[in-house]
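Structural description and commentary
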Amino acid sequence: MKIDLHTHILPRDWPDLDARYGYSGFVRLEHHKPCCARIMKGNEQFREISENAWDPERRIEDCDRAGVSMQVLSTVPVMFSYWAKPADALDLSLFLNDHIAEVARAFPTRFAGLGTIPLQDPDLAARELERCVRELGMRGVQIGTHVDANEHCHDPDCRNLDDRSLDVVWSAAEQLGAAIFVHPWDMLGKKRMPKYWLPWLVGMPAETCLAISCLMLGGVFERFPKLRVAFAHGGGSFPFTIGRMEHGFHVRPDLVATDNDVNPRSYLATGETPARFYVDSLVHDPDAFRLLLKLFGSRRVALGSDYPFPLGESEPGELIGALDGLSAIDKAQLLSGTAREFLGLGQI
Ligand code: CO
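Since the structure is predicted, the reported quantities are computational estimates derived from the model, not experimental observations. (Residues numbered from 1 in each chain as written. Predicted model: local features only at pLDDT ≥ 70, side-chain atom pairs only at ≥ 80, totals over all residues. Heavy atoms only, no water.)

For the chain, the count of helices and strands is 12 helices and 13 strands. The principal-axis extents of the C-alpha atoms in the chain amount to approximately 55 × 45 × 45 Å. Burial status across the chain gives 57% buried among its 348 residues. Of all intrachain contacts in the chain linking residues separated by at least 6 positions in sequence, the fraction that spans at least 24 positions is 69%. Carbon and sulfur atoms form 52% of the exposed surface of the chain, whose accessible area is close to 15,000 Å². (Helix = DSSP H or I, 4+ residues; strand = E, 2+ residues; numbered from the N terminus. Buried < 20%, exposed > 50% of the residue type's maximum accessible area, 1.4 Å probe, protein only. Contact = heavy atoms within 4.5 Å. Areas by Shrake-Rupley, 256 points an atom, 1.4 Å probe, with all protein chains shown as cover.)

Dropping the structure here:
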């Protein structure tokens, strides 16, 4: 059995959001031929997608070919719209979440849903998180690696995930037993990355490392001991950064341990005890994957493919399947058990 924790879906159509909210910057789809559409921001093409980005039955065909039993659906991060007015981002979240819930309800054994929340307004975000879980039957939400900032946002007060204003969201998630999947977006340094697809290749792993660092060093795991959080792309560049971070913690606690005096290393696996948080398996490299397993333990690494996008694993679970020396129990854990535990799913 395979449960793919990291897949993205969009509705086939949605209203003209620039017109609906009265300002520009929102995303729209242009269906320029039957199979395919362009994701547009203003007059710029963000990405070309095909029908498996919106058609659940096409997705199920792909899943059947790859032996994937269940996809966990989340929106495409370009839809987060954390830069927008909170009421508008909430309105868009309602629309996207209702759509994902509808797909999951139509095929309950094939899809589970993660919602999106207007994180720029933590109170609204916490309320929508509650609606996602209580009313829509979702397992939790996907959020970005930081809040507010992008080219549309001139607010200097851009927040990382250690910002205390987000505590209300962590608290709601903890009380609801909701899973939080953190996905990079709006990559840092992107103005210096005009070429080579660098925001995706270098910026995304850095974003994710930054988000993990903020949650650990900001003491979020101390304040919310039951909070379940997973990070995309194997935690990005974090696995190769933890040594430096721990060293910094020892030599300059005055700079590193200002908000939390717990050694960041202690959030990772030791012996039989798994790490404090989860990552997906999307690292595209067997040696990187072995490091991931060592740092997190098989109970904290979940199959994630980034379906249906080209930077993902085209055959979900191929890397896990090809790894030498893994027991059948560990493989089953990585392919489905960890996702089930993270999402609080029973047997399916
Ligand atoms: Co993704």
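Following the structure, the description resumes.
On to the environment of Glu44. Counting through the fold element by element, Glu44 comes out in strand β4 (residues 44–50). Once the C-alpha coordinates of Glu44 and Val27 are considered, the two residues, 17 residues apart in sequence, prove to be 9.9 Å apart.

With that settled, consider the coordination of the cobalt ion. For the cobalt ion, the protein coordination sphere consists of His6 (NE2), His8 (NE2), His183 (NE2) and Asp306 (OD), at 2.0 to 2.1 Å. Under the relative-accessibility criterion, Asp306 is labelled buried at 8%. (Donors = N, O, S within 2.8 Å, 3.2 Å for Na, K, Ca; no water.)

To continue, consider the pattern of salt bridges. Under the counting rule described, the total for this entry stands at 20 salt bridges. When the shortest N-O distance is used, the salt bridge between Arg38 and Glu30 registers 3.6 Å. Given the relative accessible area of 27%, Glu30 is considered partly exposed. Close ionic contact of Arg58 with Glu51 constitutes a salt bridge, the shortest N to O distance being 3.0 Å. We classify Arg58 as partly exposed; its relative accessible area is 24%. (Salt bridge = Lys/Arg side-chain N within 4 Å of Asp/Glu carboxyl O.)

For the bond from Tyr307 to Pro308, the omega torsion is 5°, close enough to zero to count as cis. Positive phi, close to 55°, is recorded for Ser81, a residue that is not glycine. With respect to the element layout, Ser81 can be found in the loop between β5 (70–74) and α3 (86–106). Note on Ser81: relative accessible area 5%, which makes it buried.

Ile143, Trp170, Phe238, Phe277 and Phe296 are the most contacted members of the largest nonpolar core, which has 65 residues in total. Membership of the second largest hydrophobic core comes to 21 residues, among which are Leu17, Met79, Leu96 and Phe309. (Core = buried A, V, L, I, M, F, W, Y, C linked by side-chain atoms within 4.5 Å.)

Note on terminology: a disulfide is the covalent bond linking the sulfur atoms of two cysteines. Counted by the stated rule, this structure contains 1 disulfide. One disulfide in the model links Cys35 with Cys36; its S-S distance is 2.4 Å. Handedness here is read from the sign of the S-S torsion; for Cys35 and Cys36, about -80°, the answer is left-handed. Taking relative accessible area as the criterion, Cys36 reaches 10% and is therefore assigned buried. (Disulfide = S-S within 2.5 Å.)

Take the sheet that holds strand β3 (residues 36–41) next. Note on sheets: strands pair through backbone hydrogen bonds, and any given pair is parallel or antiparallel. Spatial ordering of the open sheet is given by β2-β3-β4, a layout of 3 strands whose pairing is antiparallel. In this open sheet, the two edge strands, each paired with only one partner strand, are β2 (27–33) and β4. Direction aside, neighbouring strands of the sheet carry axes that sit 30° apart on average. Bridge count between β3 and β4: 6 bridges; the pairing is antiparallel. Note that in β4 the partner of Lys41 across the bridge is Glu44. (Pairing = 2+ DSSP bridges. Axes fitted to C-alpha atoms, helices over the stretch in contact; angles between N-to-C directions.)

Let us look at helix α5 (residues 167–176). Along α5, the residues that are buried comprise Asp167, Val169, Trp170, Ala172, Ala173 and Leu176. Next to the buried residues of α5 lie α4 (122–134), β7 (140–144), β10 (179–183), α6 (198–217) and α7 (220–223). Following α5 by one or two positions, Gly177 has its phi on the positive side, about 70°.

Turning to the side chain of Arg300, a few remarks are in order. When you line up the elements, Arg300 lands in the loop between α10 (286–296) and β13 (301–302). On the basis of relative accessible area, Arg300 is assigned to the buried category, the value being 12%. With residues near it in sequence (within four places) discarded, Arg300 still touches Pro274, Ala275, Phe277, Tyr278, Val279, Thr338 and Glu341.

Before going further, it helps to examine the sheet that holds strand β11 (residues 228–231). Here we have 8 strands laid out as an open sheet, ordered β1-β5-β6-β7-β10-β11-β12-β13, and parallel in their pairing. Each edge of the open sheet is held by one strand with a lone partner, namely β1 (3–8) and β13. Sheet topology note: the β11/strand β12 (residues 278–280) ladder contains 2 bridges and is parallel. Its bridge partner lying in β12, Phe231 is registered against Val279.

Put simply, α4 and α5 touch, their axes get as near as 8 Å, and they point 15° apart. Here α5 runs roughly parallel to α4, going by the angle between their axes. In terms of crossing hand, the pair formed by α4 and α5 is right-handed. Where α4 abuts α5, its residues Pro122, Asp123, Ala125, Ala126, Leu129, Glu130, Val133 and Arg134 lie against Val168, Val169, Ala172, Ala173 and Leu176. Considering only residue class, the contact of α4 with α5 consists of 10 nonpolar, no polar and 3 charged. (Parallel < 35°, antiparallel > 145°, perpendicular 65-115°, else oblique. Left-handed = near helix turned anticlockwise from the far one by under 90°. Nonpolar A, V, L, I, M, F, W, Y, C, P; charged D, E, K, R; others polar.)

This brings us to the packing of aromatic side chains. In total, this model carries 16 aromatic pairs according to the counting rule given. Here the aromatic rings of Tyr23 and Trp83 are separated by 6.1 Å at their centres, their planes lie at 85°, and the arrangement is edge-to-face. Linking Tyr23 in the loop between α1 (17–21) and β2 with Trp83 in the loop between β5 and α3, this pair joins segments that are 60 residues apart in sequence. According to the relative accessible area criterion, Trp83 is buried, its value standing at 14%. Of the aromatic side chains, those joined through ring pairs into one cluster are Phe221, Phe231, Phe238, Tyr267, Phe277 and Phe296. One residue, Arg47, lies across the ring of Phe309, its end atom 4.2 Å from the ring centre. Positioned above the aromatic ring of Tyr278 is the side chain of Arg300, whose terminal nitrogen or guanidinium carbon lies 4.6 Å from the ring centre. (Phe/Tyr/Trp six-rings, centres within 6.5 Å; stacked < 30°, edge-to-face > 60°. Lys NZ or Arg CZ within 6 Å of the ring centre and 35° of its normal.)

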